[in-house]
Amino acid sequence: MDPTTDIMIISGNSHLELANLVARQIGVKPARCAVSFTTNRETSVQISDSVRGKDIYIIQTGSKDVNNSIMELLIMAYACKTSSARSIVGVIPYLPYSKQCKMRKRGSIVSKLLAEMLCSSGLTHVITMDLYQKEIQGFFECPVDNLRASPFLLQYIQECIPDYRNAIIVARNPGSAKKATSYAERLRLAIAVIHGEQKESDSDMVDGRNSPPPSTSRSRTMDVEVGVPQHPAKEKPLINVVGDVGGRIAIMVDDMIDDVESFVAAAEVLKDRGAYKIYVLATHGLLSSDAPRLIESSPIDEVVVTNTIPHETQKLQCHKIKTVDISILLSEAIRRIHNKESMSYLFKNATVED
């Protein structure tokens, strides 16, 4: 019996091209599933094929229309659950709301809420890629496989960047130094770190809480009048590069590239310090707002991202954006999960991503 006969690939509207690539490599046809909107913009899902007793793999990523993508995924999963599917695996290459994984001011941890919604809708397993923080896996009540795109990006560096041996891996801020170090060690290259960037890191952001409250009365155990000492404000130094990039190819690595102002500012500094070519490599290319225009007019020579998120429109606006296909990794993960094989092989050659 063909083991793929029990596999059914279902896709929403977020990334049909990726779903077709994965289905083709597995050797199955995507199930007939119509996702549409009613006149009042409610999401409607109609699955035309029987899912009873099947292993369902729903491919849906966090696209530009992120809230509709989430709603489509929830409804598709619940439709399969109520139709007696044997298992329902959410293949979510880019997990939306993953940046909102910490408490800020009087807000909420939205990624925890999303994880609970996905599990409640019927998902029994989640496959994702390069989570913003790997601890997000703990928000889910079902198993989560967090795949790595780093082998594909390392291969791109070795095969598509001429004279990459003369390159240096650059961490855009001290927080990404660990990732940059991992790339540098695998490529046997040096590392540089940009310090003093304009954007605040997570640890520097004010969370809005004022606890304990400042003392307004005299303490019974303290005779000083100052009360609770004030926390001194941080002052970031001027932007600086720790490491020699003169006459070398600078390769910045990150997990996500969305608003590109900080990447452009870093590229300008690297150019001033003598780097003759500048590459930016990232797993998720959201490239929001004016990102294509800013990249086109910047010193950056190439921006290399994977196809976890569709960005064909951005590529038409900027010839510097290149895409690496990771559909073979997703299809292999689906095959191994379906055949109950070990997933450790897919992580064996991956770099550290946190």
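Scope of this entry: the structure provided in the associated data block. Model, not experiment: these values are computed from the prediction.

### Some thoughts on the overall build of the protein chain
Per the secondary structure count, the protein chain includes 10 helices and 14 strands. Buried positions account for 51% of the 354 residues belonging to the protein chain. Counting only carbon and sulfur atoms, one obtains 51% of the accessible surface of the protein chain, whose full area is about 18,000 Å².

### With respect to helix 6 (residues 261-272)
If you check helix 6, its first and last C-alpha atoms are 17 Å apart, about what 12 residues at 1.5 Å a residue would give, namely 16 Å. Among all positions in helix 6, only Ser262, Phe263, Val264, Ala265, Ala266, Ala267, Val269 and Leu270 are buried. In this structure, the buried side of helix 6 is in contact with strand 8 (167-171), strand 9 (190-195), strand 10 (240-242), strand 11 (249-257), strand 12 (277-285) and helix 7 (291-296). Looking at the residues trailing helix 6, positive phi occurs at Gly274, about 105°.

### Section: the pattern of salt bridges
Under the counting rule described, the total for this entry stands at 10 salt bridges. Bridged by salt links that share partners, the residues Glu332, Arg335, Arg336 and Glu341 form one connected network.

### A word on the pairing of strand 13 (residues 302-306)
Here strand 13 lies mainly inside the structure; five of its five residues are buried. Taking every second residue as pointing to the same face, both faces of strand 13 are buried, with Glu302, Val304 and Thr306 on one and Val303 and Val305 on the other. Sheet topology places strand 12 next to strand 13; four bridges connect them, and they run parallel. When the bridges of strand 13 are listed, Ala282 appears paired with Val305.

### Describing helix 4 (residues 150-160)
Those residues of helix 4 that sit buried are Ser150, Phe152, Leu153, Leu154, Tyr156 and Ile157. Of the surrounding secondary structure, the elements contacted by the buried residues of helix 4 are helix 5 (177-187), strand 11, strand 12, strand 13, strand 14 (321-324) and helix 9 (327-338).

### Observations regarding the sheet that holds strand 7 (residues 144-147)
Pairing is parallel across the open sheet formed by five strands, whose spatial order is 1-4-5-6-7. Edge positions in the open sheet fall to strand 1 (7-11) and strand 7, since each of these has one partner strand only. On average, each strand axis in the sheet is tilted by 20° relative to the strand beside it, whichever way the strands run. Docked against the sheet, helix 1 (residues 16-26) engages strand 1 and strand 4 (55-59), running at close to 170° with respect to strand 1.

### Details of the side chain of Ser63
With respect to the helices, strands and loops of the structure, Ser63 is situated in the loop between strand 4 and helix 2 (66-82). Only 2.8 Å separates the side chain of Ser63 from the side chain of Ser69, close enough to count as a polar contact. Leave out the neighbours within four places in its chain, and Ser63 touches Ser14 and Ser69.

### Notes on the sheet that holds strand 8
Overall, mixed pairing links the seven strands, which are arranged 10-9-8-11-12-13-14 in an open sheet. Strands with a single pairing partner mark the edges of an open sheet, and in this sheet they are strand 10 and strand 14. Averaged over all adjacent pairs, the angle separating strand axes in this sheet is 25°, with direction ignored. Where strand 8 lies against strand 11, four bridges are found, and the strand directions are parallel. Within strand 11, the residue paired with Ala167 across the bridge is Ile249.

### Focus on the side chain of Ser111
Within the secondary structure, Ser111 is located in helix 3 (residues 110-121). Its relative accessible area of 2% is what places Ser111 among the buried residues. Beyond its immediate sequence surroundings of up to four residues, Ser111 is in contact with Tyr97, Ser98, Gln100, Cys101 and Phe139.

### Overview of the packing of aromatic side chains
What characterises a pair of aromatic rings is the spacing of the ring centres plus the angle enclosed by the ring planes. According to the stated counting rule, one finds zero aromatic pairs in the structure shown. In this structure, Arg41 packs its charged tip against the face of Phe37, placed 4.3 Å from the ring centre. Note that Arg172 overlies the ring of Phe263, its terminal NZ or CZ placed 4.3 Å from the centroid.

### A look at the packing of helix 2 against helix 3
Where helix 2 meets helix 3, the closest approach of the two axes is 8 Å, and the angle between their N-to-C directions is 30°. With respect to helix 3, the axis of helix 2 lies roughly parallel. Note on element contacts: helix 3 touches helix 2 through Leu114, Met117, Leu118, Ser120 and Ser121, opposite Ile70, Leu73, Leu74, Ala77, Tyr78 and Lys81. Here the residues of the contact of helix 2 with helix 3 sort into eight nonpolar, two polar and one charged.

### Focus on the packing of helix 1 against helix 9
Any two packed helices are characterised by the angle at which their axes cross and by the distance between the axes. Running from amino to carboxyl end, helix 1 crosses helix 9 at an angle of 55°, the nearest separation of the two axes being 9 Å. One way to sum up the angle between helix 1 and helix 9 is to call them oblique. By crossing handedness, the relation of helix 1 to helix 9 is classed as right-handed. Where helix 1 abuts helix 9, its residues Leu18, Leu21, Val22, Gln25 and Ile26 lie against Ser327, Ile328, Leu330, Ser331 and Ile334.

Calculation rules
- Residues numbered from 1 in each chain as written.
- Predicted model: local features only at pLDDT ≥ 70, side-chain atom pairs only at ≥ 80, totals over all residues.
- Heavy atoms only, no water.
- Helix = DSSP H or I, 4+ residues; strand = E, 2+ residues; numbered from the N terminus.
- Buried < 20%, exposed > 50% of the residue type's maximum accessible area, 1.4 Å probe, protein only.
- Areas by Shrake-Rupley, 256 points an atom, 1.4 Å probe, with all protein chains shown as cover.
- Expected span 1.5 Å × (residues − 1).
- Contact = heavy atoms within 4.5 Å.
- Salt bridge = Lys/Arg side-chain N within 4 Å of Asp/Glu carboxyl O.
- Pairing = 2+ DSSP bridges.
- Axes fitted to C-alpha atoms, helices over the stretch in contact; angles between N-to-C directions.
- Polar contact = N/O pair within 3.5 Å; in protein donor to acceptor, adjacent residues only side chain to side chain.
- Phe/Tyr/Trp six-rings, centres within 6.5 Å; stacked < 30°, edge-to-face > 60°.
- Lys NZ or Arg CZ within 6 Å of the ring centre and 35° of its normal.
- Parallel < 35°, antiparallel > 145°, perpendicular 65-115°, else oblique.
- Nonpolar A, V, L, I, M, F, W, Y, C, P; charged D, E, K, R; others polar.
- Left-handed = near helix turned anticlockwise from the far one by under 90°.

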